[in-house]
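# Chain and residue survey
Now for the letters of each chain:
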4 protein chains.
Amino acid sequence: MRKKPTRAAVAKAASNEPAPGEAVTAPASSRATRAAKRRAAIVEAAMEEFIARGFAATRLDDIAKRAGVAKGTIYLHFKDKESMFEELVRIVIVPVVARLTALPPPTGSVRDLIEGIAGHFLKEMIGTRRGDLVRLIVAEGPRFPSVADFYYREVVSRGLASMRALIELGIARGEIHQNSLARYPQILIAPAMIAVIWQSLFARHAPLDAQDMLRVHLDLIFGERRTT
Amino acid sequence: MRKKPTRAAVAKAASNEPAPGEAVTAPASSRATRAAKRRAAIVEAAMEEFIARGFAATRLDDIAKRAGVAKGTIYLHFKDKESMFEELVRIVIVPVVARLTALPPPTGSVRDLIEGIAGHFLKEMIGTRRGDLVRLIVAEGPRFPSVADFYYREVVSRGLASMRALIELGIARGEIHQNSLARYPQILIAPAMIAVIWQSLFARHAPLDAQDMLRVHLDLIFGERRTT
Amino acid sequence: MRKKPTRAAVAKAASNEPAPGEAVTAPASSRATRAAKRRAAIVEAAMEEFIARGFAATRLDDIAKRAGVAKGTIYLHFKDKESMFEELVRIVIVPVVARLTALPPPTGSVRDLIEGIAGHFLKEMIGTRRGDLVRLIVAEGPRFPSVADFYYREVVSRGLASMRALIELGIARGEIHQNSLARYPQILIAPAMIAVIWQSLFARHAPLDAQDMLRVHLDLIFGERRTT
Amino acid sequence: MRKKPTRAAVAKAASNEPAPGEAVTAPASSRATRAAKRRAAIVEAAMEEFIARGFAATRLDDIAKRAGVAKGTIYLHFKDKESMFEELVRIVIVPVVARLTALPPPTGSVRDLIEGIAGHFLKEMIGTRRGDLVRLIVAEGPRFPSVADFYYREVVSRGLASMRALIELGIARGEIHQNSLARYPQILIAPAMIAVIWQSLFARHAPLDAQDMLRVHLDLIFGERRTT
DNA sequence: GATGAATGAGAATTCATTCAT
DNA sequence: CATGAATGAATTCTCATTCAT
């Protein structure tokens, strides 16, 4: 799931105790921390570049420049461009997964729950790095099956499972009347996905109020709200 | 100092013999016809390659090989790789636009109308070149604004306008009860789009019955059908 | 996925062993020194090739081969072929300019002065790289206005100014009787230029004794020497 | 001396009598004439292009376009680019040679004679195609020995012989006092050559009054004119 | 560990030349 | 004869990857 942690990374973790008798000014972390920071900088920079240009058109040179490291340094952290890309997606997606798993405090109506989750999701996605990441995966998926696989396994299937659970809860509570919806939790997600893609492609032609669209869509599922 | 009969040339020479017994009226292919065929072959090949690899990773060499022409021939038809890509999208999209415009024979219920259209759309899109084209545009759009623009202008805006018209008709006829839906025809389209993208990314993990999902989604909008 | 020790790299590694018994003080060539040597090698090689074939017909590949570096290395030093050519001319011309500026120790007769200068000039130019450079500039000047400009500014205008000064000195001292000559210092130079061009074009048909021709020309200006 | 006249040219000259009984509206010339015109157009166009861009950088496509013929037509008249260039120079130079040979109507003083000839030469050369041709030969000579050879044989050696004859006449008549000048007729020509080259390289920096410079130079040889 | 100069395979593009029409 | 579409060798330039310092 996580890839082989790179020779270098391992070495880093293992060795590099300050030589005995050497001044240990910067407490403990020193080397290891700096390395970690570098790695983070590379990941961050790479993500920006990959999103902006796609895999093939991204130059390691630019990543290095943006990350403030030398080109060679990248190879201390990643085997090559391809595995960098694959690891990258993993690294960036993990926190998303965490949030997905740390599900909802099941209070209030199912609609409010979903509206809250989806609203939050949209806020995080629209016009954000994260939203672009989705587009990146759509774009490069076919050439990086392992990325598509990972994304499906970690994000899509889990997300859909959560949605399905919520839908079933809604049905059980009588909030949702259409039983068959549980078969296609994708329908619940679809407008949000569309909104994300819309932003990066057509925002300048026709801005889209994703939150409002979400509400309309939920009205479809839960029935229109009484504005009372 | 150059030249040699070339596999392609040979093949062409061979294939152009009219089948025995066939009328030899038109002196085989006129020069213009030949050129047109070549061009079509290039377009076809290029589309395959671009879809399979994305813009940057596609080699003109491969396009040429697949189209059965020499590399240089491509440059007789297209200025360079970029404009080839841009023109390509236009060329392939135009027939789609035509079909969009030649819209509905307004018979029967709005639901049947939409189900017919969307069903046809899905059948044409899923697992087809055309579906992949959508993914390609999503993937390359940000780096080819002119492509995104064109697609928005010719396909998206028109398609949405049609959908909006249908929704309004549905509302007027009392088939659709949620007026606000007319504000977001995207919602009508969303599941179909999702299905298209799903196919090219996740089909092997979890096949998706797009037609069935469409029905469920329409049930959401029009109310569930009595199975009577 | 790349690499291989490369003839050049091997050669370099071999040649850099300090000769046995040689002082090994300076740790061979520092990185900077190496780079400078490489650059010099490229400049040298490029000059040879450009002179031999002209700008358009020169292949970067050949320059690289002759310089003993990889093709890509050239691009670490020069933006592209054109700017390489332009910089090259500058680089090669600068020392010439220096010598032009470090004028003459004004001893003896003006004629002797000029004969000394021009003789030296001819010795340096005829059958030398430097002479060919002049031809190269004549050849490529129209397509490289910046080169022609540079050459005019740095060499031609300065050279003519020096000549004019000498002519005026000659007039003042009564060695030159034709005042109008100061208007056209080009006349002083002309035979030398002709000689330079002659060498590279017609030497094998009819060798030209440039030094002797120069003497005859100076006789024209200063009056024939008494052979006493 | 002249190259093989090209299969096509020969054929053209030989055959193409109008078919008997055919209307001979456009008298005699018809085919042959048109071909000759074409050829002339190609020569003219090629000369323009070669002068403007040099041999290597000139595209046959551009020559064809400028000449108003198809690219293939060029190959009916010339074997390939190289021999086209070589023949071209010959073709353009021949009339020059003719004029050189049809030399002097030996009237008046030698100085007037030379001033007339050189003046005419300058008028024809400066800022003209013909002047640029000289530069072209200087530029491409080393890569086209046959061109340099031809030019030397037909133009340079003859021109110098003429000059030498004139100088000797001048010496015999007492107009020229420096006997050694006859050894280097190049000196007589040098300023004119310089002027020609100057025009195409430095004219925009510093215009040069070639005729005036010529006069000053002749004053050097013949003594200053009394303005009486 | 870091660096970045060097490498050279690879890709886009050009253009002289051919040849079917 | 003329044409110009087609060819593909040749050339420039890029960039992932390596490795000496």
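Parameters at a glance
- Residues numbered from 1 in each chain as written.
- Chains lettered and ligands numbered in written order.
- Predicted model: local features only at pLDDT ≥ 70, side-chain atom pairs only at ≥ 80, totals over all residues.
- Heavy atoms only, no water.
- Helix = DSSP H or I, 4+ residues; strand = E, 2+ residues; numbered from the N terminus.
- Buried < 20%, exposed > 50% of the residue type's maximum accessible area, 1.4 Å probe, protein only.
- Contact = heavy atoms within 4.5 Å.
- Areas by Shrake-Rupley, 256 points an atom, 1.4 Å probe, with all protein chains shown as cover.
- Buried area = accessible area lost by both parts, 1.4 Å probe.
- Salt bridge = Lys/Arg side-chain N within 4 Å of Asp/Glu carboxyl O.
- Nonpolar A, V, L, I, M, F, W, Y, C, P; charged D, E, K, R; others polar.
- Polar contact = N/O pair within 3.5 Å; in protein donor to acceptor, adjacent residues only side chain to side chain.
- Least-squares fit on C-alpha atoms with pLDDT ≥ 70 in both.
- Axes fitted to C-alpha atoms, helices over the stretch in contact; angles between N-to-C directions.
- Parallel < 35°, antiparallel > 145°, perpendicular 65-115°, else oblique.
- Left-handed = near helix turned anticlockwise from the far one by under 90°.
- Phe/Tyr/Trp six-rings, centres within 6.5 Å; stacked < 30°, edge-to-face > 60°.
- Lys NZ or Arg CZ within 6 Å of the ring centre and 35° of its normal.
- Expected span 1.5 Å × (residues − 1).
- UniProt positions renumbered as here; feature names shortened; annotations may be inferred.
- Bend = angle between axes of the 7 residues up to and from the residue.
- pLDDT = per-residue confidence, 0-100.

Here we come to the overall build of chain A. Helix and strand counts for chain A come out as ten helices and zero strands. When the helices and strands of chain A are placed in sequence order, the string is α-α-α-α-α-α-α-α-α-α. Relative to its 228 residues, chain A shows a buried fraction of 49%. Counting contacts in chain A only where the partners sit at least 6 residues apart, residues at least 24 apart contribute 69% of the total. Accessible surface computed for chain A: about 11400 Å², of which carbon and sulfur atoms make up 58%.

Let us now look at the interface of chain B and chain A. Taken together, the contact between chain B and chain A spans 50 residues of the former and 50 residues of the latter. For the pair chain B and chain A, the summed buried area comes to about 4200 Å², and 70% of that belongs to carbon and sulfur atoms. In this structure, the connection of chain B to chain A is made through four salt bridges. The partner of Asp149 of chain A in a salt bridge is Arg204 of chain B, and the shortest N-O contact between them spans 2.9 Å. Among the elements that take part in the side of chain B that touches chain A, helix H9 (residues 185–202) of chain B stands out by supplying eleven residues, more than any other. Of the residues in the side of chain B that touches chain A, the class split is 30 nonpolar, ten polar and ten charged.

In many analyses, interface size is given as the accessible surface area lost on bringing the parts together. Taken together, the contact pairs 50 residues of chain C with 50 residues of chain D. Of the roughly 4200 Å² buried at the junction of chain C and chain D (both faces included), carbon and sulfur atoms supply 70%. Linking chain C with chain D are four salt bridges, by the criterion used here. Between Asp212 of chain D and Arg183 of chain C there is a salt bridge, and its shortest N-O distance comes to 2.7 Å. The tally of links from chain C across to chain D stands at 18 residue pairs in polar contact (both at pLDDT 80 or more). For the side of chain C that touches chain D, the secondary structure elements donating two or more residues are helix H2 (31–53), helix H7 (129–140), helix H8 (145–172), helix H9 (185–202) and helix H10 (210–222) of chain C.

This part covers the relation of the copies chain C and chain D. The second copy of the chain is related to the first by a rotation about an axis and a shift along the axis. Superposing chain C onto chain D requires a rotation of 179 degrees together with a translation of 0.0 Å along the rotation axis, leaving an RMSD of 0.2 Å. The superposition operator between the copies reduces to a two-fold rotation axis. Closest approach to the rotation axis among the C-alpha atoms of chain C is made by Ala139 of chain C, whose C-alpha sits 2.1 Å away. Most of the interface of chain C is mirrored in chain D, where 100% of its interface residues again form contacts.

On to the relation of the copies chain B and chain A. Mapping chain B onto chain A is achieved by rotating through 179 degrees and translating by 0.1 Å along the same axis, at an RMSD of 0.2 Å. The share of interface residues of chain B whose copies in chain A are also at the interface is 100%, consistent with both copies meeting through the same surface.

Moving on, we get to the pattern of salt bridges. For the structure on display, the rule yields 67 salt bridges over all chains. We note a salt bridge from Arg39 of chain A to Glu87 of chain A, for which the minimum N-O separation is 3.2 Å. Here the residue Arg39 of chain A occupies a position in helix H2 (residues 30–53), and Glu87 of chain A occupies one in helix H5 (residues 81–101), the gap between them amounting to 48 residues. You'll find Arg39 of chain A and Glu87 of chain A in the same group, each marked buried. Overlapping salt bridges bring together Glu48, Glu49, Arg53, Arg66, Arg129 and Asp132 of chain D as one network.

Residues and elements named next belong to chain D. Relative to each other, helix H9 (residues 185–202) and helix H10 (residues 210–222) sit at 165 degrees, their axes nearing to 10 Å. By the criterion of interaxial angle, the relationship of H9 to H10 is roughly antiparallel. Helix-helix and strand crossings are classified by hand; for H9 and H10 the assignment is right-handed. In this structure, H9 contributes Ile187, Leu188, Pro191 and Ala195 to the contact, and H10 contributes Ala210, Met213, His217, Leu218 and Ile221. Of the residues belonging to the contact of H9 with H10, the class tally is eight nonpolar, one polar and no charged.

Our next topic: the environment of Ala195 of chain C. All names here are of chain C. For Ala195, the position within the fold is in helix H9. Linking Ala195 and Leu208, residues 13 residues apart in sequence, is a C-alpha distance of 7.2 Å. The contact partners of Ala195, leaving out residues within four places of it in the chain, are Leu122, Ile126, Leu208, Ala210 and Met213.

What follows concerns the side chain of His217 of chain D. In this fold, His217 of chain D is placed in helix H10. You can call His217 of chain D buried: its relative accessible area is 1%. The residues touching His217 of chain D, leaving out its near neighbours within four places in the chain, are Ile187 and His217 of chain C together with Ile187, Leu188 and Pro191 of chain D.

What follows is about the packing of aromatic side chains. Enumeration over the complete set of coordinates arrives at 32 aromatic pairs over all chains. Between Phe85 of chain A and Phe144 of chain A, the aromatic rings sit 4.7 Å apart at their centres with planes inclined by 50 degrees, giving tilted as the arrangement. Remark: Phe144 of chain A occurs in the loop between helix H7 (129–140) and helix H8 (145–172) and Phe85 of chain A occurs in helix H5; sequence separation between them is 59 residues. Judged by its relative accessible area of 5%, Phe144 of chain A falls in the buried class. Centroid distance Phe50 of chain C to Phe85 of chain C: 5.1 Å. Interplanar angle 80 degrees. Geometry classified as edge-to-face. You can see Phe50 of chain C sitting in helix H2 and its partner Phe85 of chain C sitting in helix H5 (residues 81–101), a full 35 residues away along the chain. With respect to burial, Phe50 of chain C and Phe85 of chain C carry one shared label: buried. Put simply, the rings of Phe50, Phe55, Phe85 and Phe144 of chain A touch in pairs and so form one group of aromatic residues. The positively charged end of Arg90 of chain A is found above the aromatic ring belonging to Phe150 of chain A, 4.9 Å away from the centroid. We note Lys81 of chain B situated over the ring of Phe55 of chain B; from NZ or CZ to the ring centre the distance is 4.7 Å.

It is worth spelling out H2 of chain C at this point. Counted at 1.5 Å a residue, the expected span for H2 of chain C with its 23 residues is 33 Å, and the 32 Å between its end C-alpha atoms agrees. All of the buried residues in H2 of chain C are Ile42, Val43, Ala45, Ala46, Met47, Glu48, Glu49, Phe50 and Ile51 of chain C.

This part takes up the UniProt feature "DNA-binding region" (unreviewed entry) in chain A. Under the UniProt annotation, "DNA-binding region" (unreviewed entry) lies at residues 59–78 of chain A. With 75% helix and 0% strand, the stretch residues 59–78 of chain A has end C-alpha atoms that lie 15 Å from each other.

Turning our attention to helix H9 (residues 185–202) of chain A. Residues spaced three or four apart along an α-helix point in a common direction, a consequence of the helix completing one turn every 3.6 residues. Residues and elements named next belong to chain A. Relative to the 26 Å expected for 18 residues at 1.5 Å per residue, H9 spans 26 Å between its end C-alpha atoms, a close match to the ideal helical length. At Pro191, H9 is bent by approximately 30 degrees, the largest bend along its length. The element H9 is extensively covered by neighbouring structure, given that 16 of its 18 residues are classed as buried.

Next up on the list: the confidence of the model for chain A. On average, residues of chain A score 84 in pLDDT, and 83% of them reach the 70 mark or higher. Counting interchain partners and residues more than four positions distant, the pLDDT-below-50 stretch residues 1–24 of chain A has 23 contacts.

We now examine the environment of His120 of chain D. Residues and elements named next belong to chain D. Within the secondary structure layout, His120 lies in helix H6 (residues 110–125). The class for His120 is partly exposed, based on a relative accessible area of 43%. Residues His120 and Gln211, 91 residues apart in the sequence, show an inter-C-alpha distance of 9.7 Å.

The next subject is the environment of Ile91 of chain B. Residues and elements named next belong to chain B. The topology assignment puts Ile91 in helix H5 (residues 81–101). Linking Ile91 and Ala40, residues 51 residues apart in sequence, is a C-alpha distance of 9.9 Å. Ignoring any residue separated from it by four or fewer positions in sequence, one finds Ile91 in contact with Arg39 and Val43.

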